[in-house]
Amino acid sequence: MRPDSPRPSRTRRRRGWPGRPVTWCRPQKNHTSLTDQQLGHGGYQIYTTFDKKKVSALATSVTAMEQKHLDPQYRSADKDVQVGAASIDPSTGAIVALYGGPGWNKGHWTDNADATGVPVGSTFKPVDLAAALDHGAVFSPGQPAAPVTPDSKFDGDDGITIKNRQGQELPDPKDPTGLLHQRNDVSTKWGYITLRKAMEQSVNTPYVQLGEYVGYDNVEGEALKAGLLRTSLQYDTPGFYIGTSTPSAIRMADVYATFDDGGIQHEPYSVTKVVADGRQLPGFDKPKGTTAMPASTADTVTDVLRGVVEHGTGTNAQALGRPAAGKTGTTDDYKSAWFIGYTPQLTTAVSMFKEDPKNAGLQSMQGVGGYAKVFGADMPTEVWTGYMTAALRGQPVQQFPPAPQLDQSTDEYGAPSPTPSATAAQSTPPATPTAPATPSPTTAPCRGHGKHCVSPSPTDTAGTTAGTGGGLLGGTTGGNTPPSSTPTTSTPAPTSVRGGP
């Protein structure tokens with residue numbers, strides 16, 4: 001289907017136009033009673049949300065990155081490298097651009113933008129943080145959940161053991177000690193660092209421990225409300241909190257769009273109207289947004305992700321030249337690399353991985369592009385920046401809402417005692433030792449919603465506000481109804497994730 005213009009359906013061949021995916025041009029089954037057999041007969045005019053210029057800009061950015069870095073004839077490591085990307089209007093959920101691969105005319109038949117099976121790595125950490133803001137964390141057995149903020153301090157050292165809510169150290173049968181020793185990408189002695197710093201530098205240990213203290217059910221629930229599908233989520237393992245799950249680029253863009261739109265989740269969609277025999281078919285109304293989390297939670301996550309771009313692993317995204325928030329993600333053995341980022345008016349996810357079409361299974365990207373280690377901060381961010389620059393050209397610079405002022409936070413037990421003027425409290429240690437667990441700016445803030453707030457410049461702005469809602473830190477969470485979507489068919493593999501930059 002062509003974006004912005006109708007064309008009789010050719011769904012029998014599922015091709016689309018060269019270099020563009022076709023799956024999301026088809027009416028989604030949760031929107032209509034149309035059957036595949038009916039669509040296969042053709043004769044339908046399908047109108048989509050795709051912006052032709054943005055679709056072209058995304059493909060152009062991928063091609064530019066590949067031409068700059070990849071040369072399969074010269075460097076064997078560059079063979080079979082693939083990219084998937086999705087771009088969403090955060091105020092509506094409308095998919096404005098996709099990149100699913102080079103196209104059927106080049107022998108690529110799958111849609112990398114909608115494919116599951118590629119672990120998301122550290123791009124999942126913002127979900128952990130959102131769940132902690134909404135639900136708090138149980139630092140000591142039998143104690144109620146204590147409030148957590150980005151200023152809460154956790155042990156960031158490499159190789160520490162991880163405890164569950166019962167105070168038990170998690171097991172690892174493969175470790176000589178029998179206990180899990182969580183790894184970071186580097187052996188830096190961070191000591192106790194804030195969750196904000198850990199997000200900026202993509203340090204794993206604080207977020208694995210945070211996830212265990214918040215609880216799998218709470219983090220999973222936050223992910224579902226934000227837009228992920230249950231079938232793409234990993235089961236209850238420590239790696240879950242640093243991205244062993246395998247959502248599609250479309251779904252990860254949707255989660256970050258939820259942060260971008262102040263906690264309002266919109267089901268991603270691409271079909272706006274279907275006409276058959278001169279008659280418009282019913283069932284294609286724009287999905288309504290639902291409250292996934294308080295605005296204060298979403299805006300706090302956005303503020304932390306702005307720090308990733310300004311001070312952390314996402315600094316390459318500063319080339320966009322306007323306020324942006326985002327997160328890098330890299331998995332063990334460098335089998336996948338992500339960058340997901342957004343401005344107030346556009347959210348885009350880019351994934352990169354390597355897979356031989358004849359032999360299913362992700363391969364290490366070490367050496368790809370001449371990089372000894374392939375991080376989300378490099379080639380995926382380059383695709384994101386190139387596309388976003390073109391997609392937003394001529395559009396006004398918008399500012400994010402100022403970060404809300406949060407109440408008292410709690411540090412993990414063992415963190416240095418705060419000064420008398422500090423607001424953070426320290427958790428209480430368990431009463432008795434426990435045995436290891438058995439295996440098992442100056443302008444009005446812009447939030448989307450069709451508003452256009454123009455700032456004189458893309459500089460950072462300071463300021464606080466009480467925010468709306470607040471979860472554990474004040475207010476109510478509102479309606480938290482998980483989205484109903486058609487499940488994907490793949491099953492996430494229990495791979496480990498280092499979650500590097």
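Residues numbered from 1 in each chain as written. Predicted model: local features only at pLDDT ≥ 70, side-chain atom pairs only at ≥ 80, totals over all residues. Heavy atoms only, no water.

**Student:** What's the story with the overall build of the protein in this structure? I'm lost.
**Tutor:** Each helix and strand in the protein was counted, giving 9 helices and 17 strands. Within the protein, the proportion of its 501 residues that are buried is 55%. Accessible surface computed for the protein: about 20,500 Å², of which carbon and sulfur atoms make up 50%. (Helix = DSSP H or I, 4+ residues; strand = E, 2+ residues; numbered from the N terminus. Buried < 20%, exposed > 50% of the residue type's maximum accessible area, 1.4 Å probe, protein only. Areas by Shrake-Rupley, 256 points an atom, 1.4 Å probe, with all protein chains shown as cover.)

**Student:** It is not clear to me how the nonpolar core should be interpreted in this structure. Could you clarify?
**Tutor:** Soluble globular proteins tend to pack their nonpolar side chains together in the buried interior. Counting 98 residues, the largest nonpolar core has Phe 124, Val 368 and Tyr 387 as the members making the most contacts within it. Sequence-distant contacts of Tyr 387, that is, excluding residues within four places in its chain, are made with Lys 54, Ala 57, Leu 58, Ser 61, Ser 87, Val 96, Ala 97, Leu 346 and Thr 348. Counting 9 residues, the second largest nonpolar core, distinct from the first, contains Val 271, Val 274, Leu 281 and Phe 284. (Core = buried A, V, L, I, M, F, W, Y, C linked by side-chain atoms within 4.5 Å. Contact = heavy atoms within 4.5 Å.)

**Student:** Explain the packing of helix H3 (residues 125-135) against helix H7 (residues 249-260) to me, please; I cannot follow it from the model alone.
**Tutor:** Geometrically, a packed helix pair is captured by the angle between its two axes and the distance between the axes. One way to put it is that H3 packs onto H7 with a least axis distance of 11 Å and a crossing angle of 45°. With respect to each other, H3 and H7 are oriented oblique. The chirality of how H3 crosses H7 is left-handed. Only Val 255, Tyr 256 and Phe 259 of H7 make contact with H3, whose side of the interface consists of Pro 126, Val 127 and Ala 130. Looking at side-chain class alone, the contact of H3 with H7 contains 6 nonpolar, no polar and no charged residues. (Axes fitted to C-alpha atoms, helices over the stretch in contact; angles between N-to-C directions. Parallel < 35°, antiparallel > 145°, perpendicular 65-115°, else oblique. Left-handed = near helix turned anticlockwise from the far one by under 90°. Nonpolar A, V, L, I, M, F, W, Y, C, P; charged D, E, K, R; others polar.)

**Student:** Please clarify how unusual backbone geometry should be interpreted in this entry.
**Tutor:** Phi is mostly negative for residues that are not glycine, and the peptide bonds are mostly trans. For Asp 80, which is not a glycine, the phi torsion comes out positive at approximately 65°. Relative to the elements of secondary structure, Asp 80 occurs in the loop between helix H2 (52-69) and strand S2 (81-88). Among the residues examined, Asp 80 registers a relative accessible area of 31% and is labelled partly exposed. With a phi angle near 55°, Tyr 334 is a residue other than glycine that sits in the positive phi range. Relative to the assigned elements, Tyr 334 resides in the loop between strand S12 (325-330) and strand S13 (336-343).

**Student:** I tried to follow the packing of aromatic side chains on my own but got confused; where do I start?
**Tutor:** Aromatic ring pairs are reported here in terms of the distance separating the ring centres and the angle at which the planes meet. Applying the stated rule across the entire model yields 11 aromatic pairs. Between Tyr 256 and Tyr 342 the ring centres are 6.2 Å apart and the planes differ by 80°, which places this aromatic pair in the edge-to-face class. Taken together, the residues span a long stretch of sequence, with Tyr 256 in helix H7 and Tyr 342 in strand S13 at a distance of 86 residues. Overall, Tyr 256 belongs to the buried group, its relative accessible area being 0%. With 5.7 Å between their ring centres and 85° between their planes, Tyr 334 and Phe 375 make a pair best called edge-to-face. Residue Tyr 334 is located in the loop between S12 and S13, and its partner Phe 375 is located in the loop between strand S15 (359-362) and helix H9 (379-391); the two are separated by 41 residues in the primary sequence. Chaining the aromatic ring pairs together yields one cluster made of Phe 124, Tyr 216, Phe 240 and Tyr 241. (Phe/Tyr/Trp six-rings, centres within 6.5 Å; stacked < 30°, edge-to-face > 60°.)

**Student:** What's the story with the side chain of Ser 245 in this structure? I'm lost.
**Tutor:** Tracing the backbone shows Ser 245 in the loop between helix H6 (216-226) and H7. Judged by relative accessible area, which is 0%, Ser 245 ranks as buried. Discounting residues that sit within four places of it in the chain, Ser 245 has contacts with Val 118, Pro 119, Val 120, Ser 232, Leu 233, Gln 234 and Phe 240.

**Student:** Could you clarify how one ought to interpret the pairing of strand S14 (residues 346-356) in this entry?
**Tutor:** Residues in a regular strand point their side chains to alternate faces of the sheet. The element S14 is largely enclosed, with a buried count of 10 among its 11 residues. Bridge analysis of S2 against S14 gives 8 bridges, and the strand direction is antiparallel. Looking at the pairing, Ala 85 lines up with Val 350 of S14. For S13 and S14, the ladder comprises 8 bridges, and the chain directions are antiparallel. Bridging across to S14, Ala 337 finds its partner in Met 352. Joining the antiparallel neighbours S13 and S14 is a turn of 2 residues. Judged from the 2 bridges that link them, S14 and S15 form a sheet pairing that is antiparallel. By the bridge assignment, Asp 356 is partnered in S15 with Asn 359. The loop that links S14 with its antiparallel partner S15 comprises 2 residues. (Pairing = 2+ DSSP bridges.)

**Student:** Explanation requested: helix H8 (residues 295-311) in the structure shown.
**Tutor:** Working note: α-helix, 3.6 residues per turn, so residues spaced by three or four point in the same direction. In this model H8 runs 24 Å from its N-terminal to its C-terminal C-alpha over 17 residues, within 8% of the 24 Å that 1.5 Å per residue would give. Here H8 lies mainly inside the structure; 14 of its 17 residues are buried. (Expected span 1.5 Å × (residues − 1).)

**Student:** Explanation requested: H2 in the structure shown.
**Tutor:** Look at H2: 26 Å from first C-alpha to last across 18 residues, which is about the 26 Å you get at 1.5 Å a residue. Listed in full, the buried residues belonging to H2 are Lys 54, Val 55, Ala 57, Leu 58, Ala 59, Ser 61, Val 62, Met 65 and His 69. Where the residues of H2 are buried, they touch S2, strand S3 (95-99), S14 and H9. At the N-terminal boundary of H2, the capping side chain belongs to Asp 51, with an oxygen 3.0 Å from the backbone nitrogen of Lys 53. (Polar contact = N/O pair within 3.5 Å; in protein donor to acceptor, adjacent residues only side chain to side chain.)

**Student:** Looking at this structure, I do not really get the sheet that holds strand S1 (residues 44-48). What am I missing?
**Tutor:** Adjacent strands of a sheet pair through backbone hydrogen bonds, lying either parallel or antiparallel. On the basis of which strands lie adjacent, the open sheet formed by 3 strands has the order S1-S9-S10 and antiparallel pairing. Each of the sheet's edge strands pairs with one partner strand only, and the pair in question is S1 and strand S10 (279-280). Relative to strand S9 (residues 271-276), S1 runs antiparallel, the two being bridged by 5 bridges. Pairing of Tyr 44 across the sheet is with Ala 276, part of S9.

**Student:** Would you mind going over the packing of H3 against helix H5 (residues 204-214) with me for this structure?
**Tutor:** Running from amino to carboxyl end, H3 crosses H5 at an angle of 40°, the nearest separation of the two axes being 10 Å. Classified by the interaxial angle, the pair formed by H3 and H5 is oblique. Once H3 is placed against H5, the crossing between them reads as left-handed. Here H3 contributes Lys 125, Asp 128, Leu 129, Ala 131 and Ala 132 to the contact with H5, which in turn contributes Asn 204, Tyr 207, Leu 210 and Val 214. Of the residues belonging to the contact of H3 with H5, the class tally is 6 nonpolar, 1 polar and 2 charged.

Spatial relationships are all this shows, so hold off on functional conclusions.
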